[in-house]
Amino acid sequence: MTVAASPGNLAGIEESATLGMTARAAALSREGRSVVSLSAGEPDFETPEYIREAGVRAIREGHTHYPPAAGLRALREAIAAHVMDAGGAPCSPSEILVSAGAKQVLFEAFFTLFGPGDRVLVPAPFWVSYPAMARLARAEPVIVETRAEDGWKLTAGSLEEAAAGGARGLVLNSPSNPTGAMYEESELDSLVEVAERHGMWIVSDEIYREIRYREPYASLAARRGEYERIVVVDGFSKAYAMTGWRVGYAVGPVDVVEAMTTLQGHVNTNTALPCQYAALAALADEGARRAAVGAMAKAFAARRALLLSALERVPGIHPLPPDGAFYLWIDAREWCAALGGDSEALCYDLLENEGLALVPGSAFGVEGYVRLSFAAADSVLEDAVDRLASAGVRILGGGR
Ligand SMILES: Cc1ncc(COP(=O)(O)O)c(C=O)c1O
């Protein structure tokens, strides 16, 4: 049976490529093939015990009714305090919207701030959903290329050039999925200066902020006092291993938060109330919070080191050491050239021949690269390196 969707509503919207590759890997596993899947952007850790307990307690205590559309007041207060503790400009609960994950709140920010005819600048490589979110808002996503020489970061020069055609918005993502690149204070200074001159809204996706391998972290939350057209998005999925609980939030000007809340009130009201209580508990005990987030960040750092060192023995691919998040952005142009195909052809080759699932750079708007997620146990990563080594020999031939 086919479902007749309105061509207007879903024009140009395709299934997320990361989901596609994960589904193909799962299908091969079901057929009995040995498959290592490093395509998903999901921490492999359990949600910390003290947070899970708080979720169970919330259910037992009867917090099972409709949540307020903007989110539990106590949670918004805790988030406001947390944002300020991390160096953010003063903010109140009325500047916070809680949502079903960063994904929903990003969509609501796009839908509220951008509309027909608006150009939204999306630096590539980009997280797969930004262009789709702009299109769903009837805005035009304008992809702005970044360069390896600039660490895959947007420069003020290219922002200025892209803004010349007119732009209502800019999306930044630091640390970045897929590259792991993190902006410096000075880089943000010059980007905000250009954005402000053009009156652009900046949506800053900081979901990987707590998983980083160098200091200091430069957050746009710190600049909200100087420039008001900033919406910062964060959430609990990555740093707290809470992907399934679906809790994220936005920090923005009161009128924008109110408009986003109205939208959310018509769409899903809010994320489940017990999940909001669990998120509240995640922030309430600073000692437990630091210990839990710190342990996961440390494990990611160890895996990052393991992979960077092990991949040195694999010919023809070059991973970029990430500043944050849990992905390796790998230059695989030599392998693509040897195969005579693009990054998607390479990923399907790796999946079919080596049983290894990665995500093609094309999904993030850049050819010749692949993304490897290191949200997996050491033994799985070591297995993946063996499979890559075997691919290297096969693809490049015996001459190397
Ligand atoms: C850059 C980026 N932003 C947002 C999200 C969505 O996170 P959430 O689980 O909070 O919806 C992801 C998840 O993969 C992501 O990588």
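As the structure is a prediction and not an experimental result, all values here were calculated from the model.

**Q** Give me the overall build of the protein chain: which residues, what numbers.
**A** On a plain count of helices and strands, the protein chain comes out with 14 helices and 13 strands. Seen through its C-alpha atoms, the protein chain measures out along the principal axes to roughly 65 × 55 × 55 Å. Out of the 400 residues in the protein chain, the part that is buried amounts to 55%. Contacts in the protein chain between residues at least 24 apart in sequence constitute 75% of all its contacts with a sequence separation of at least 6. The protein chain carries 35 positive and 51 negative side-chain charges, and their two centres are separated by 3 Å.

**Q** Can you lay out the packing of helix H7 (residues 156-163) against helix H8 (residues 185-197) for me, pointing to particular residues and giving the numbers?
**A** Interhelical geometry of H7 versus H8 gives an angle of 15° and a closest axis separation of 9 Å. When the interaxial angle is binned, H7 and H8 end up roughly parallel. Helix-helix and strand crossings are classified by hand; for H7 and H8 the assignment is right-handed. Taking contact as the criterion, the partners of Ala156, Leu159 and Glu160 in H7 are, on H8, Ser190, Leu191, Val194, Ala195 and Arg197. Split into classes, the residues belonging to the contact of H7 with H8 amount to five nonpolar, one polar and two charged.

**Q** Any details on the packing of aromatic side chains? Residues and values, ideally.
**A** According to the stated counting rule, one finds 17 aromatic pairs in the structure shown. Pairing Trp152 with Trp329 gives two aromatic rings, centres 5.9 Å apart and planes at 85°, and the pair type is edge-to-face. Of this pair, Trp152 sits in the loop between strand S4 (140-145) and H7 while Trp329 is found in strand S10 (residues 327-331), placing the two residues 177 residues apart along the sequence. Here Trp152 matches Trp329 in class, with each residue buried.

**Q** I'd like a description of H7, backed by residues and values.
**A** Within the span of H7, buried status applies to Leu159, Ala162 and Ala163. Down the axis of H7, the buried set is contained in an arc of 100°. They therefore lie on one face. Looking at the buried residues of H7, the elements they touch are strand S3 (119-124), S4, strand S5 (169-173) and H8.

**Q** An account of the side chain of Arg387 is needed here, citing residue identities and associated values.
**A** Positionally, Arg387 belongs in helix H14 (residues 378-396). By relative accessible area, Arg387 is classed as buried at 12%. Of the polar contacts made by the side chain of Arg387, one reaches the side chain of Asp383; its length is 2.8 Å. Once residues lying within four places of it in the same chain are set aside, the contact partners of Arg387 are Ser34, Val35, Val36, Glu354, Gly355 and Leu356.

**Q** Help me get a handle on the sheet that holds strand S9 (residues 318-320), residues and values and all.
**A** Judged by pairing direction, the sheet is antiparallel, and its four strands sit side by side in the order S9-S10-S13-S12 without closing on themselves. The open sheet has two edge strands with one neighbour each: S9 and strand S12 (359-360).

**Q** Before we move on, could you go through the site of the ligand and cite the residues and values that matter?
**A** Neighbouring the ligand are 14 residues, the closest being Ala102, Asp205, Ser237, Lys238 and Arg246. Ala102 has a polar backbone atom sitting 2.7 Å from an oxygen atom of the ligand. Residue Ser237 places a side-chain N or O atom 2.6 Å away from an oxygen atom belonging to the ligand. Protein contact buries 92% of the 400 Å² of open area that the ligand shows by itself. Residue contributions to the shell around the ligand peak at four residues, all from helix H5 (residues 101-113). Here the shell around the ligand is composed, by residue class, of six nonpolar, four polar and four charged.

**Q** Summarise the domain arrangement of the protein chain; cite the residues concerned and give the values.
**A** According to the domain assignment, the protein chain consists of domain 1 (7-46 + 289-392) and domain 2 (65-285). Measuring from the centre of the C-alpha atoms in domain 1 to the corresponding centre in domain 2 gives 25 Å. Contact residues are listed per partner, giving 35 residues for domain 1 and 34 residues for domain 2. Of the roughly 2,800 Å² buried between domain 1 and domain 2 on both sides combined, carbon and sulfur atoms contribute 62%. At the junction of domain 1 with domain 2, the criterion picks out two salt bridges. With a closest N to O distance of 3.3 Å, Arg214 and Asp323 form a salt bridge. For the pair domain 1 and domain 2, the interface holds 16 residue pairs in polar contact (both at pLDDT 80 or more). For the side of domain 1 that touches domain 2, the secondary-structure elements that each account for two or more residues are helix H1 (7-10), helix H11 (286-310), S10 and strand S13 (369-373). Sort the elements by how many residues they give to the side of domain 1 that touches domain 2 and H11 lands first, with seven residues. In terms of residue class, the side of domain 1 that touches domain 2 is built from 21 nonpolar, eight polar and six charged.

Conventions adopted
- The numbering scheme is per chain: residues are counted from 1 as the chain's sequence reads.
- Where totals are concerned, whole chains, interfaces and linings use all residues; where local detail is concerned, this predicted model gives features only for residues with pLDDT of at least 70, and gives and counts side-chain atom pairs only at 80 or more.
- Hydrogens and waters are ignored; side-chain quantities use all the structure's heavy atoms.
- Working definition: helices are DSSP H or I runs of at least four residues, strands are E runs of at least two. Numbering for both runs from the N terminus.
- Accessible area is worked out with a 1.4 Å probe on protein chains only. A residue is then buried under 20% of its type maximum, exposed over 50%, and partly exposed in between.
- Only heavy atoms enter the contact rule, under which two residues are in contact if any of them lie within 4.5 Å.
- The convention is simple: Lys and Arg are positive, Asp and Glu are negative, and His and the chain ends are not counted.
- One atom stands in for each charge, and that atom is NZ of Lys, CZ of Arg, CG of Asp or CD of Glu.
- In this analysis, axes come from line fits to C-alpha atoms, helices being fitted only over the stretch in contact, and the angle between any two N-to-C directions falls in the range 0 to 180 degrees.
- Here the word oblique covers every angle except those under 35 degrees (roughly parallel), over 145 (roughly antiparallel) and from 65 to 115 (roughly perpendicular).
- Should the near helix be turned anticlockwise from the far one by less than a right angle, the crossing is termed left-handed; should it be turned clockwise, right-handed.
- Ten residue types, Ala, Val, Leu, Ile, Met, Phe, Trp, Tyr, Cys and Pro, are classed as nonpolar, four, Asp, Glu, Lys and Arg, as charged, and the remainder, Gly among them, as polar.
- Stacked, tilted and edge-to-face are the three classes assigned to paired rings of Phe, Tyr and Trp, where Trp is represented by its six-membered ring and a pair needs centres within 6.5 Å; plane angles under 30 degrees give stacked, over 60 edge-to-face, the rest tilted.
- Of all possible arcs, the one meant is that of the directions from the helix axis to the C-beta atoms.
- Here a polar contact is recorded for every N or O atom pair within 3.5 Å, except that within protein the pair must consist of a potential hydrogen donor and a potential acceptor, and residues adjacent in sequence are included only if both atoms are side-chain atoms.
- Strand pairing requires that DSSP identify at least two bridges connecting the strands.
- Throughout this document, a residue counts as near a molecule or strand when at least one of its heavy atoms sits within 4 Å of that molecule or strand.
- Accessible surface is estimated by sampling points in the Shrake-Rupley manner with a 1.4 Å probe; for residues, cover comes only from the protein chains shown.
- Segment limits for the domains were obtained from an automatic or database-derived domain assignment.
- A simple way to read buried area is as the amount of 1.4 Å-probe accessible surface that goes missing from two parts once joined, with both sides added.
- By convention in these notes, a salt bridge is any Lys or Arg side-chain nitrogen within 4 Å of a carboxyl oxygen on Asp or Glu.

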